[in-house]
Amino acid sequence: MKKSRKKSSSVAQTSTGNTMIDIVKEQVKTLMDSGQISAFLGLKEKQGSVFPFLYKSVQDLDEGFSLGDLEKPGQARYPIAKLLMRIVKSDAETSYGALFRGCDERAWNELLRWNQVNSPQRVFKVGIACPSELAQKHECRKPFPDEYVAGEKVDPVENISVQEVMGKDLGARLEYWMGEFDRCIKCYGCRNVCPVCFCNVCTLEQDSLIKTGDIPPENPMFHLTRAVHMAGRCIDCNLCTEACPSDIPLRILYKRVAEIISDEFGYVTGEIAAGKSPLNILGSDPGHTAAND
Ligand code: SF4
Ligand code: SF4
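Predicted model, so just to flag it, every value in this text is computed and none were measured. The residue count restarts for each chain, going from 1 along the sequence in the order it is written. Lettering for chains starts from A, numbering for ligands starts from 1, and both go in the order in which the items are written. Local features in this predicted model are restricted to residues of pLDDT 70 or higher, and side-chain atom pairs are both shown and tallied only at a pLDDT of 80 or more, whereas totals for entire chains, interfaces and linings draw on every residue.

### A few points about the overall build of the chain
The number of helices and strands found in the chain is 10 helices and five strands. Burial is judged by counting other C-beta atoms within 10 Å of a residue's own C-beta: 20 or more means buried, 12 or fewer means exposed, and anything between counts as partly exposed, with every C-beta placed from the backbone. For the chain, the proportion of its 293 residues judged to be buried stands at 36%. A run of DSSP states H or I qualifies as a helix once it reaches four residues; a run of E qualifies as a strand once it reaches two. Both are numbered from the N-terminal end.

The following block contains the structure:
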């Protein structure tokens, strides 16, 4: 007998009888009809697969519009902010809308702080809050964007995985990471999916540092190089861990690096705030917080 599909969060009804997906679609239609946006970057489901899709008309929305939930909330997620950045960069005129979860908003904010987006006023966020199940899965520090049209705000989730690794002594920690990194097949999936990996020339492909063609990559050089590049950037979306075919818990490492940057410089990634990342400043010392005194 065919197994029936579990009801995903996007088709679960709200107290007003509308589903999340209806609410989001309605908001996008309103933005398009009013001329505020010309296209919407969201997700589309076709033949059981979900992928990013640029909807260019209201009629398009009636075919396969998806929030990526499938059988579990947030089962299909993509680096929407990075894709949007590329679209906006390639077109100086058009206004776009985009589907933003809390992590997409953090990524977008970080791209703005790294000067990767010139005219953010051309972007309209259509936010959705993530359900508890998804927030728990990713130990999400803010499972909702600042403004959202659908979903209910749930509490941030405590960061247990970093604490567990940091609970090991130094030798055990080194052994743990070397063992994890040993499984790397250097597919670059972690880099490619990362919403805040935006360099045109990637250090991970520079022969002088990481020899191209070598598989597996030199351990731990490949991973520590990437971790250093994620300092002051990683917005804690967990996409890299999800994408890794070798199940390496990469986000734990980057999350720890983000904690260090926050303690040392008071810089919290993904927030709308004045000021650049301390690692994006050439010249005088950006200063330290009391944590480093
Ligand atoms: S969790 Fe991974 S994919 Fe997400 S921002 Fe950090 S390094 Fe990039
Ligand atoms: S996604 Fe995993 S296997 Fe691929 S390069 Fe990154 S760490 Fe290595």
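Structure shown, so let's carry the discussion forward.
### Looking at the pairing of strand β2 (residues 49-55)
Between any two strands, pairing holds if DSSP finds at least two bridges. For strand β1 (residues 39-46) and β2, the ladder comprises seven bridges, and the chain directions are antiparallel. Considered in β2, the bridge of K44 is made with F51. From the end of β1 to the start of β2, which pair antiparallel, there are two residues, and Q47 there has a positive phi angle of about 45 degrees.

### Focus: unusual backbone geometry
Residue P220 follows N219 across a cis peptide bond; omega there is 10 degrees. In this structure, P220 sits in the loop between α7 (189-193) and α8 (221-230). Of note in this structure, N115 is not a glycine but carries a positive phi near 55 degrees. Relative to the helices and strands, N115 is located in the loop between α3 (102-113) and β5 (123-127). Phi at E139 is positive, roughly 45 degrees, even though this residue is not glycine. Looking at the secondary structure, you find E139 in the loop between α4 (132-137) and α5 (160-166). The exposure class assigned to E139 is partly exposed, which follows from the 19 C-beta atoms found within 10 Å.

### So, the environment of I215
Locating I215 in the fold gives a position in the loop between α7 and α8. Assessed through the 9 C-beta atoms surrounding it within 10 Å, I215 is described here as exposed. Expressed as a C-alpha distance, the spacing of I215 and C184, which sit 31 residues apart in the sequence, is 8.3 Å. Contact criterion: two residues are in contact if their C-beta atoms, reconstructed from the backbone, are within 7 Å. I215 has contacts with I185 and K186, leaving out every residue within four places of it along the chain.

### Let's talk about the nonpolar core
As used here, a nonpolar core is made of buried Ala, Val, Leu, Ile, Met, Phe, Trp, Tyr and Cys residues. They are joined through C-beta atoms within 7 Å. Counting 59 residues, the largest nonpolar core has V24, L84, A98, L99, A107 and I128 as the members making the most contacts within it. Looking at this core element by element, the count peaks at eight residues for helix α10 (residues 250-265). An automatic or database domain assignment provides the domain bounds reported here. Here this core gathers at least three residues from each of two domains, domain 1 (20-137) and domain 2 (160-292). L84 has contacts with L41, Y96, A98 and V123, leaving out every residue within four places of it along the chain.

These results come straight from atomic positions and should not be treated as a statement about function.
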